[in-house]
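Residue-level listing of the chains:
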Amino acid sequence: MNATTTSTSAPAPAPVTVIGLGLMGSALAAALLDAGHPTTVWNRSPEKAKPLADRGAQVAATPAEAVAASGLVIACVLDYDALHTVLDPLAATGALAGKSLVNLTSGAPEQAEEMARWAASHGAGYLDGGIMTTPPGVGSPEMMFLYSGSEAVFKAHRATLAALGDPLHLGTEPGLASLHDAALLGLMWASFTGWLHGTALVTSQGTSAEAFTRIALRWLNGAVSGFLTTYAPQVDAARYPGDDATVDVQIAAIDHLIHAAEARGIDNTLPELLKSTMERTAAAGHGGDSYASVIEVLRDTRR
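None of the values given here were measured: they were computed from a predicted structure.

### Let's talk about the sheet that holds strand E6 (residues 125–131)
Stage number 1. Pairing in this open sheet of 8 strands is mixed, and the strands run E3-E2-E1-E4-E5-E6-E7-E8 from one edge to the other. Lying at the two open borders of the sheet, with one neighbouring strand each, are strand E3 (58–59) and strand E8 (166–169).
Stage number 2. Direction of pairing for strand E1 (residues 16–19) relative to strand E4 (residues 72–75): parallel, over a ladder of 4 bridges. Following the sheet pairing, Val-16 is matched in E4 by Leu-72.
Stage number 3. Lying on the sheet, helix H6 (residues 151–161) is in contact with E1, E4, strand E5 (100–103), E6, strand E7 (144–149) and E8; it crosses E8 at an angle near 170°.

Here's what the structure looks like:
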């Protein structure tokens, strides 16, 4: 009896269309090409497609040709007005029916929700996305890409989306990715500015930015990340036990920062803002609570 063997192989990379070839759109298309996906691209200014064409991308002459080439269409254009300018004429002809539209155009959560309704009305599955990196980071599995909207679309195309970065599905509400994007950018800017204020302070007396940053990263990755993981369940429970350091203690501590910066001619706008927020928190009855209680003031702008 002859034994027969069967072999299984991974499915071939799926074809993808990328609409919009700015710095980010070009990086998206390049990452897809690197992962072996047959990639069709379109851009209003066709000359931007040449470097991708040289790498094997198919350059569509029109948006209709681009959309027809793939079941998965990734859009990354200037804004939602530009997106509608490109897609509205196609929707009118039924060209989007049955397509999966992944929108990586930056916008507000409400715009994502409207876009999801619009896509559904034209027979397209919809995912909204937030790119949590700059173009050089696209393609790295360490970089997060946030998605929200159709779970079916996400599951069907997860392997393809993984070519861009680590894909995280946040839920079926289309605006969640945009909302998380805004929240994370706020965290980034606050962190940048706090680091720069501290850097200005220590470099005023000869410490290099690189030397300070090594210490700052150890502090952020250790103690500060520990505070965040401790405070998160406090926020969820709306209970803020002040068993590590109370708001009143933090108010006293920030005065030392303000004094040190003032003595060295460093702008104190940021720490003064932080102190004011802490003082409003204490005035609202949270002086003996943990710093996490500041969220009660942030949530209520009447205070």
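Structure's up, so let's keep going.
### Here we look at the packing of aromatic side chains
Stage number 1. Overall, the coordinates contain 3 aromatic pairs when judged by the stated rule.
Stage number 2. Aromatic side chains Tyr-147 and Phe-154 sit 6.0 Å apart centroid to centroid with 50° between the ring planes, which places their arrangement in the tilted category. Residue Tyr-147 shares its accessibility class with Phe-154, and that shared class is buried.
Stage number 3. Ring geometry for Phe-227 and Tyr-231: centres 6.2 Å apart, planes at 15°, overall stacked. Taken together, the residues Phe-227 and Tyr-231, both in helix H8 (residues 209–237) and 4 residues apart, mark about one turn of the helix.
Stage number 4. A residue is classified by how much of its surface remains accessible, and Phe-227, at 35% relative accessible area, is partly exposed.
Stage number 5. Clustering of aromatic rings is evident, with ring pairs tying together Trp-219, Phe-227 and Tyr-231.

Conventions and cut-offs
- Residues numbered from 1 in each chain as written.
- Predicted model: local features only at pLDDT ≥ 70, side-chain atom pairs only at ≥ 80, totals over all residues.
- Heavy atoms only, no water.
- Pairing = 2+ DSSP bridges.
- Helix = DSSP H or I, 4+ residues; strand = E, 2+ residues; numbered from the N terminus.
- Contact = heavy atoms within 4.5 Å.
- Axes fitted to C-alpha atoms, helices over the stretch in contact; angles between N-to-C directions.
- Phe/Tyr/Trp six-rings, centres within 6.5 Å; stacked < 30°, edge-to-face > 60°.
- Buried < 20%, exposed > 50% of the residue type's maximum accessible area, 1.4 Å probe, protein only.

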